[in-house]
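Secondary and tertiary structure notes
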Amino acid sequence: MDITMLLVDDEAIDLEWMRVRIEKGGYPGLHIAGTAKSGFTALAVMEQERIDIIVSDIRMPIMSGMEFARKAKEINPDVHLVFISGHKDFDYAKEAIQLNAVDYLLKPVDDGELARTVAGLCAKIREERRSRSTATEALPYVQRELLLRWFREAAPGPGEERLQAFLAPYLEQGAFVALLEADDWERHAKEKTVDERRELLTEVEAFLRGFVKDADLGHLMNGFDNRFVLLALGEAGKEAQLGEMIRSFGQAFPLTITAGAGATAHTREALHESYRQAEAALSIKWVLGKNRVIRDAAPWRPVKAAEDAGRFIDEMMQAMLDYDLVKIDDCLINLFQLKSGPLSKSEAYDRIIRITSKLHSDLQRMGESLYELLNWGAHRPDILFEFETMQDIVSWLRRRFFELSELLFMKRRKQDRRLIVEMMDYVEERLEHKVTLKDVAARFDFSPNYLGHLFKVETGMAFSDYLNEVRMKRACTLLGDPRLKVYEIADRIGYKNIIYFNRMFKQMLGMTPGEYRKKNNI
């Protein structure tokens, strides 16, 4: 793993000259990660990449080198500081010592002095890495088991002497606990054989161990319930490396991992609490989502479920019937309180059962079955109880309820079209009578207003216009028989008044019945 260096100086010429001198120095494994003309820019670089060595001018405008160094230490307490100054000022040197600077160089920096400083730092960093690696690899199986059990104790004692000896270098530098969990493990593994599951878990463990070792993160242990426990060296700046681990894992496997991280500790009591914090953080995956690093679960305490769930379920049912997908989504958000606060997992599952039971009951009264429409086997959508995040549950319900709404809409459209066809057949059969919308509505047991609206939606024309059009078409057919008198034809299509029939015929065809016969040589 490369040693990374960041150069900071507000003088562009000095900055470039320092970069060239170091790059030409031929230091094996040393990589200049970036240069910065201000402390603000340098801090931004540190947020994106781990830096091992900082070489910084002390006097810079706005943010001095000392101020920058303090903030840099907050991001990465393990970073090694080298200050450069053109001022022989003891106060600067004294402050640099307080910040644990490894060297203090005066401008113009002598080539030999610069080379000794950089080479010495590189050697020191490699030795620190070897020491940490040796310490982590030295923990035998028995001690790992002791450490895991110690973490899980409700009120831990000091631990055995050999455990205290192992933890000592971690606590001296500062360490925190991170719990790593493969997301949706049961769903991914349920179709696999026992051997295939074991092989996948072995591959996951090998990947994580390799990443932890290469990134010098700390010590990884196979924990409980398919979780891995990472005893991470350093402060919270390691979180960026945890994020990189999660991204790399997602590229290598068909599943993701989530990490819950605790606070940095320097005592055994605080380290044990860090484990508890990591557990709490990982449990909040239910609310915050997976494939990420989660810290501080305190702001995400579950809230009591709202009492107006029934109203939202009723509104969602109506939205499904209206094929209003936006309203369905709004109701789901309100039902699971995605905006107002997280429900506990048990309350969310209770809500799922209440929603599906109510929808099924409402659909049964309409002659439908929720489970048959959505093909939910054995009347139990078990998959809902396999999801590990509330967002996964809501996303799944959203897709299925959108599907349900479309199915209901299409079924209703087919039923409506069939009803319109039956209405038209009824009109054709009773054309010699005075047929009205009220008569048709009574025949099919609907209100005239609803049936008139439905007819207009499905056919694009008013029922009265359709009725007149059918009558005139029948009149034209009957006018083709010269044996029939015009008044007989009018009577056959439901017109008892011959004058009104003539007026309607001319209004629709632009000629009288007699003119129609003359034009068609009848």
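The structure under discussion appears in the preceding block.
Residues numbered from 1 in each chain as written. Predicted model: local features only at pLDDT ≥ 70, side-chain atom pairs only at ≥ 80, totals over all residues. Heavy atoms only, no water.

1. Section: the overall build of the protein chain
Within the protein chain, the secondary structure is distributed over 23 helices and 10 strands. The buried share of the protein chain, taken over its 522 residues, is 44%. Here the analysis covers contacts within the protein chain between residues at least 6 apart in sequence; of these, 67% occur between residues at least 24 apart. Entry remark: accessible area of the protein chain is about 27100 Å², with carbon and sulfur atoms responsible for 51%. (Helix = DSSP H or I, 4+ residues; strand = E, 2+ residues; numbered from the N terminus. Buried < 20%, exposed > 50% of the residue type's maximum accessible area, 1.4 Å probe, protein only. Contact = heavy atoms within 4.5 Å. Areas by Shrake-Rupley, 256 points an atom, 1.4 Å probe, with all protein chains shown as cover.)

2. Describing the nonpolar core
Counting residues in each nonpolar core, the largest one holds 33 residues, and the members touching the most others are Met316, Phe336, Leu359, Phe401 and Leu404. Ignoring sequence-local partners within four residues, the contact set of Leu404 consists of Met320, Leu363, Leu370, Leu373 and Leu374. (Core = buried A, V, L, I, M, F, W, Y, C linked by side-chain atoms within 4.5 Å.)

3. Things to note about the sheet that holds strand 6 (residues 175-182)
Strands sit in the order 7-8-6-9-10 across an open sheet of 5 strands; the sheet is mixed. Looking at strand neighbours, the two that pair on one side only are strand 7 (218-222) and strand 10 (293-294), the edges of this open sheet. Sheet topology note: the strand 9 (residues 257-261)/strand 10 ladder contains 2 bridges and is parallel. Opposite Ala259, over in strand 10, you have Val293 as the bridge partner. Of the strands in this sheet, strand 6, strand 7, strand 8 (227-233) and strand 9 touch helix 9 (residues 194-214), which is tilted by about 170 degrees from strand 7. (Pairing = 2+ DSSP bridges. Axes fitted to C-alpha atoms, helices over the stretch in contact; angles between N-to-C directions.)

4. Considerations on the side chain of His360
Inspection of the secondary structure assignment puts His360 in helix 15 (residues 345-365). Those residues in contact with His360, other than ones at most four positions away along the chain, are Ser369, Leu370 and Tyr371.

5. Some points on the environment of Glu172
One can find Glu172 in helix 7 (residues 161-173). Placed 61 residues apart in sequence, Glu172 and Leu233 show a C-alpha to C-alpha distance of 9.8 Å.

6. What about unusual backbone geometry?
Although it is not a glycine, Asp184 sits at a positive phi angle of roughly 50 degrees. Among the structural elements, Asp184 can be located in the loop between strand 6 and helix 8 (185-189). A positive phi angle, near 55 degrees, is found at Tyr323, a position not held by glycine. Mapped onto the secondary structure, Tyr323 falls in the loop between helix 13 (309-321) and helix 14 (325-335). Residue class for Tyr323 comes out partly exposed when judged on its relative accessible area of 30%.

7. Some remarks on the sheet that holds strand 3 (residues 53-57)
Strand order across the open sheet formed by 5 strands is 2-1-3-4-5, with parallel pairing between neighbours. Where the open sheet ends on each side, the last strands, each with one partner, are strand 2 (30-36) and strand 5 (103-106). With strand direction ignored, the average angle separating the axes of adjacent strands in the sheet is 20 degrees. Summarising the sheet, strand 1 (residues 3-8) and strand 2 pair through 6 bridges and their orientation is parallel. Directly across from Leu7, in strand 2, lies its bridge partner Thr35. Here helix 2 (residues 39-48) sits on the sheet in contact with strand 1, strand 2 and strand 3, set at roughly 165 degrees to strand 1.

8. Quick notes on the environment of Ala270
For Ala270, the location among the structural elements is in helix 11 (residues 268-283). Residue class for Ala270 comes out partly exposed when judged on its relative accessible area of 29%. Placed 95 residues apart in sequence, Ala270 and Ala175 show a C-alpha to C-alpha distance of 9.6 Å.

9. With respect to a nonpolar patch on the surface
On the surface, a cluster of nonpolar side chains totalling about 320 Å² of accessible area is made up of Tyr487, Ile498 and Ile499. Assessed through its relative accessible area of 54%, Tyr487 is described here as exposed. (Patch = residues over 30% accessible without salt bridge, like charges linked within 9 Å, V, L, I, M, F, W, Y side chains within 5 Å. Salt bridge = Lys/Arg side-chain N within 4 Å of Asp/Glu carboxyl O.)

10. So, the pairing of strand 9
Counting buried positions along strand 9 gives 5 out of 5 residues, so the element sits mostly inside the fold. The alternating pattern of strand 9 places Ile257, Ala259 and Ala261 on one face and Thr258 and Gly260 on the opposite face, and all of these are buried. Bridge count for strand 6 against strand 9 is 5 bridges, and the pairing is antiparallel. Bridge pairing links Leu180 to Ala259 in strand 9.

11. So, the packing of helix 20 (residues 463-479) against helix 22 (residues 498-509)
At a minimum axis separation of 11 Å, helix 20 and helix 22 run at an interaxial angle of 100 degrees. As far as their axial angle goes, helix 22 and helix 20 are roughly perpendicular. In this structure, helix 20 uses Asn468, Glu469, Met472, Ala475, Cys476 and Leu479 to contact helix 22, whose residues at the interface are Phe501, Met504, Phe505, Met508 and Leu509. Each residue belonging to the contact of helix 20 with helix 22 can be placed in one class, and the counts come to 9 nonpolar, 1 polar and 1 charged. (Parallel < 35°, antiparallel > 145°, perpendicular 65-115°, else oblique. Nonpolar A, V, L, I, M, F, W, Y, C, P; charged D, E, K, R; others polar.)

12. Overview of the pattern of salt bridges
The full count for this structure, using the stated rule, is 24 salt bridges. Put simply, Lys358 and Asp362 hold a salt bridge, and the shortest N to O gap is 3.0 Å. Of this pair, Lys358 and Asp362 both sit in helix 15, 4 residues apart, which is roughly one turn of the helix. With a shortest N-O distance of 4.0 Å, Arg417 and Glu458 are connected by a salt bridge. Placement of the pair is Arg417 in helix 17 (residues 390-429) and Glu458 in helix 19 (residues 448-459), with a sequence separation of 41 residues. Taken together, the salt bridges that share partners define one network made up of Glu181, Asp183, Arg227 and Lys285.

13. Some thoughts on helix 14
Taken together, the buried positions of helix 14 are Ile328, Cys331, Leu332, Ile333 and Leu335. Buried residues belonging to helix 14 abut helix 13, helix 15 and helix 17.

14. Some words on helix 15
Compared with an ideal rise of 1.5 Å per residue, which puts 21 residues at 30 Å, helix 15 spans 31 Å between its outermost C-alpha atoms and is within 8% of the ideal. Looking at the packing, one finds that the buried side of helix 15 touches helix 12 (285-288), helix 13, helix 14, helix 16 (370-373) and helix 17. Once helix 15 ends, the next one or two residues include Gly367, with phi positive near 80 degrees. (Expected span 1.5 Å × (residues − 1).)

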